[in-house]
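Below, each chain spelled out in residue letters.
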Amino acid sequence: LPASYTFTVEMLECSYFSAMIDVYPGDEITKYLVGIWSMEEVEEAGLDTDDALFNYDMEYKAWLGSWSGQSAMDVARQQLHHGAIYDLKLKDLQPATEYLFYAFYYDPDTGERLSDIHRYTFTTLSVDLTEQEFNVSYDIVGPNVDVTISPKGYDGPYYFDMIAKKLVDDECAAEGIT
């Protein structure tokens, strides 16, 4: 392997649900791929070797491609990078979760992994659960519901969800809850 087939990953920010990183390849010309999995998934799938991680990555790309009639290599070609990636936003992460971000050099013509896989792990911030009160108001306009939620005296992260009453009622009935 060429000595330039390395990567430097710099964490710019990490929060509860996202992270932002810069990726600096040692080789500015050769194309490469990046990916991310939770460490729980890495351990459950047995991705402890570069071959296992690469094959899992390609299986995932094949699954993605199956939705649009593309192969794993087609999807990989669309995800290729060369040169540095600045401010790469990693979204839809879970709080207090360890993740594996990885990068490897890739030949888009042969589908071959050209390098070892560079692995970088990080953990998203943990959310302290606290009792809070919220003001909730809503306005129904036709089929749409406009919801406004404001915490009372709280300035931290929070999550909300809306679920149809029938789904809740059906689930409670199935569990014997009245």
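Every residue gets a number counted from 1 within its own chain, in the order that chain's sequence is written. Whole-chain, interface and lining totals are the exception, using all residues; otherwise, since this is a predicted model, local features are given only for residues with pLDDT of at least 70 and side-chain atom pairs are given and counted only at 80 or more. Derived side-chain values reflect all non-hydrogen atoms in the structure, with water molecules and hydrogen atoms excluded from consideration.

Draft legend 1. Inspection of the pattern of salt bridges at higher detail. We define a salt bridge as a side-chain nitrogen of Lys or Arg found within 4 Å of a carboxyl oxygen belonging to Asp or Glu. For the structure on display, the rule yields eight salt bridges. Residue R113 pairs with D51 through a salt bridge whose shortest N-O separation is 2.5 Å. One end of the pair, R113, is in strand β6 (residues 112–113); the other, D51, is in helix α2 (residues 50–66), with 62 residues separating them in the sequence. Any residue under 20% of the maximum accessible area for its type is buried, any over 50% is exposed, and the rest in between are partly exposed; the area is computed with a 1.4 Å probe on protein chains only. When its relative accessible area of 48% is taken as the criterion, D51 is described as partly exposed. In this structure, K61 engages D57 in a salt bridge whose closest nitrogen and oxygen atoms are separated by 2.8 Å. In this pair, K61 and D57 are both assigned in helix α2, four residues apart and thus about one turn of the helix distant. Numbering of helices and strands runs from the N terminus; a helix is a DSSP stretch of H or I covering at least four residues, while a strand is a stretch of E covering at least two.

Draft legend 2. Quick look at the layout of surface pockets. Space inside the largest pocket adds up to approximately 450 Å³. Put simply, the parts of the chain that give the lining of the largest pocket at least two residues each are β3 (32–38), α2, β4 (85–90) and β5 (98–107). For the lining of the largest pocket, the element with the highest residue contribution is β3, accounting for four residues. Each residue is assigned to one of three groups, with Ala, Val, Leu, Ile, Met, Phe, Trp, Tyr, Cys and Pro labelled nonpolar, Asp, Glu, Lys and Arg labelled charged, and all others, Gly among them, labelled polar. Considered class by class, the residues forming the lining of the largest pocket number 10 nonpolar, three polar and five charged. Only protein atoms enter the 1 Å grid, on which a cavity is a set of points fitting a 1.4 Å probe that cannot get out and a pocket is an open set with protein on both sides within 12 Å along at least 5 of 7 lines, lining residues being those with an atom within 4 Å of a point. Grid points are joined across faces, edges and corners, and a volume is the space filled by probe spheres set on the points. Here the second largest pocket defines a volume of roughly 190 Å³. Around the second largest pocket, the lining residues are F17, V127, D128, L129, T130, Q132, F134, Y154, P157, Y158 and Y159. Split into classes, the residues belonging to the lining of the second largest pocket amount to eight nonpolar, two polar and one charged.

Draft legend 3. Main features of the side chain of T124. Along the chain, T124 turns up in the loop between β7 (118–123) and β8 (134–141). Given the relative accessible area of 3%, T124 is considered buried. For T124, the side chain forms a polar contact with the main-chain oxygen of Q94, separated by 2.5 Å. Whenever a nitrogen or oxygen atom comes within 3.5 Å of another N or O atom, the pair is scored as a polar contact, on the condition that within protein one atom can donate a hydrogen and the other can accept it, and that pairs from neighbouring residues in sequence are kept only if both atoms are in side chains. A distance of 3.0 Å separates a polar side-chain atom of T124 from the backbone nitrogen of T97. Contact definition: two residues touch when any of their heavy atoms are within 4.5 Å. Excluding anything up to four places from it in sequence, T124 contacts C14, S15, Y16, L93, Q94, P95, A96, T97 and Y99.

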